[in-house]
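# Residue-level structural notes
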Amino acid sequence: MSSETVHMQPRFQPGDRVTIDTRPVLGHCRTPWYLRGKSGVVTEIQGAFRDPERLAYHRPGLPSQVLYKVRFAQTDIWPSYSGHPADQLEADIYEPWLLPRA
Amino acid sequence: MASHDHDHGHDHDDHGHDHHHDPHAPQKDHDSGPADPHEVLERAVRELLIEKGILTANEINAQIDLMDSRSPALGAKVVARAWTDPAFKERLLKDTRAALAELGIDIGTLAEFRTVENTPETHNVIVCTLCSCYPKLLLGIPPSWYKSTAYRSRVVVDPRGVLDEFGVEVPEDVEVRVHDSTADLRYIVLPMRPPGTEGWTERRLASIVTRDTMIGTAIPKIAEKKAARAAAGGKAS
């Protein structure tokens with residue numbers, strides 16, 4: 001799936017602090033469970049892509065969803081993280097899964 | 001086409017490769033024994049696509065040939081260019097698709113690509129925790145461990161432990177950054193050029209860029225003899 005022109009106004013900008021939604025979901029979804037409820041920072045707007053949650057069921061996946069790169073501190077994901085405190089994890093998360101965080 | 005280049009074994013990864021192997025090696029006879037359910041499903045879907053005129057057999061074969069032509073050598077060529085041409089490296093990090101096109105590599109339309117750079121401050125490692133998304137168009141078929149539950153689950157929670165098992169010891173003051181390929185982007189690691197390779201040609205540089213160095217589970221190394229020679233200022237025999 002190639003990137004498409006971002007025709008909608010992205011709700012978040014690089015630097016914004018966000019929390020991943022914890023709503024239940026049935027079926028195909030590309031937001032990993034281990035990141036739900038975790039907070040991170042948007043580092044990049046990756047473009048707009050067809051919605052995988054609809055594409056998986058043979059729908060066109062439109063409107064496209066804005067995709068963000070979100071950076072998490074490992075210590076925020078895993079309370080018992082044993083590596084270095086500066087270690088990070090990045091994942092690409094679709095806009096409907098991001099909640100603004102003060 | 002599927003929206004992700006997952007590797008669930010339904011996308012020809014395990015089929016149709018025999019023509020590239022040693023013709024004298026003993027080969028598995030794919031016609032022996034009953035077809036497994038995935039083979040039956042693949043054949044049924046393929047035949048329907050052809051019958052309905054959506055795809056031709058030639059198009060399917062061309063796609064298999066394209067996948068077969070991709071190997072880590074392609075990625076290594078890109079890395080070696082980035083090591084020797086700082087302007088190219090900058091373009092690669094900024095717009096991987098366009099930079100690859102300069103080298104005649106068309107990454108197609110299935111996914112976007114990003115290059116993440118290892119530096120003295122940051123070591124990157126790639127995973128797909130949801131399935132097994134992998135930069136196939138640059139690295140070819142993924143190794144089986146990349147698709148294993150053990151790697152996919154452990155590298156996000158204990159990356160340093162997993163890297164240590166791969167023989168990569170990341171110093172305490174270097175940040176480990178895990179990239180979970182959760183969506184439409186594929187990642188490739190640009191490893192650091194090792195010391196002792198000054199003046200090497202691109203081709204020679206590419207020879208030390210292995211598949212795992214571009215996943216982040218290895219560090220490019222020059223052979224120990226060469227390293228010893230380099231350390232001894234070229235005097236050792």
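Bear in mind that the values here come from a model prediction, so they are computed numbers and not experimental data. (Residues numbered from 1 in each chain as written. Chains lettered and ligands numbered in written order. Predicted model: local features only at pLDDT ≥ 70, side-chain atom pairs only at ≥ 80, totals over all residues.)

### Let's talk about the overall build of chain A
Scanning chain A from N- to C-terminus turns up two helices and five strands. What you see in chain A, going N to C, is helices and strands ordered as β-β-α-β-α-β-β. The globule rule puts the C-alpha radius of gyration for 102 residues at 13 Å, and the 14 Å found for chain A is close to it. For chain A, the spread of C-alpha atoms along the principal axes amounts to about 45 × 30 × 25 Å. Every one of the 102 residues in chain A was classed for burial, and the buried ones make up 34%. Considering only residue pairs separated by 6 or more positions, chain A has 59% of its internal contacts joining residues 24 or more positions apart. (Helix = DSSP H or I, 4+ residues; strand = E, 2+ residues; numbered from the N terminus. Rg over C-alpha atoms; globule rule 2.2 N^0.38 Å. Buried ≥ 20, exposed ≤ 12 C-beta atoms within 10 Å, placed from the backbone. Contact = placed C-beta atoms within 7 Å.)

### Some details on the overall build of chain B
Looking only at helices and strands, chain B features 12 helices and four strands. Scored against the burial criterion, the 237 residues of chain B give a buried share of 33%. Within chain B, contacts between residues separated by at least 24 positions form 71% of all contacts whose residues are at least 6 apart in sequence.

### Some remarks on the interface of chain B and chain A
Taken together, the 23 residues of chain B in the interface contact 26 residues of chain A. Counting residues per element, the ones that place at least two in the side of chain B that touches chain A are α8 (149-157), α9 (159-165) and β3 (175-180) of chain B. Sorting elements by how many residues they give to the side of chain B that touches chain A places β3 of chain B first, with six residues. Pairing of strand β4 (residues 88-94) of chain A with β3 of chain B involves four bridges; the strand directions are parallel. Looking at the pairing, glutamine 88 of chain A lines up with arginine 177 of chain B of β3 of chain B. (Pairing = 2+ DSSP bridges.)

### Brief notes about the domain arrangement of chain B
Looking at chain B, the domain boundaries give domain 1 (32-69) and domain 2 (72-227). Averaged C-alpha coordinates put domain 1 of chain B and domain 2 of chain B at centres separated by 31 Å. (Domains from an automatic or database assignment.)

### Examining the nonpolar core
Ile93 of chain A together with Val79, Val125, Val127 and Val209 of chain B are the most contacted members of the largest nonpolar core, which totals 61 residues. Counting residues per element, this core draws most heavily on helix α3 (residues 72-84) of chain B, at six residues. When residues no more than four places from it in sequence are discounted, the contact partners of valine 209 of chain B are Ala76, Val79, Ala80, Pro191, Met214 and Pro220 of chain B. (Core = buried A, V, L, I, M, F, W, Y, C linked by C-beta atoms within 7 Å.)

### Brief notes about the sheet that holds strand β2 (residues 39-49) of chain A
Taken in spatial order, the seven strands make up an open sheet running β5(A)-β1(A)-β2(A)-β3(A)-β4(A)-β3(B)-β2(B), and their pairing is mixed. Looking along the sheet, the strands with just one partner apiece sit at the ends: β5 (98-100) of chain A together with β2 (122-127) of chain B. Taking the axes of each pair of neighbouring strands and ignoring which way they run, one obtains an average angle of 35° across the sheet. Across six bridges, β2 of chain B lies against β3 of chain B in parallel orientation. (Axes fitted to C-alpha atoms, helices over the stretch in contact; angles between N-to-C directions.)

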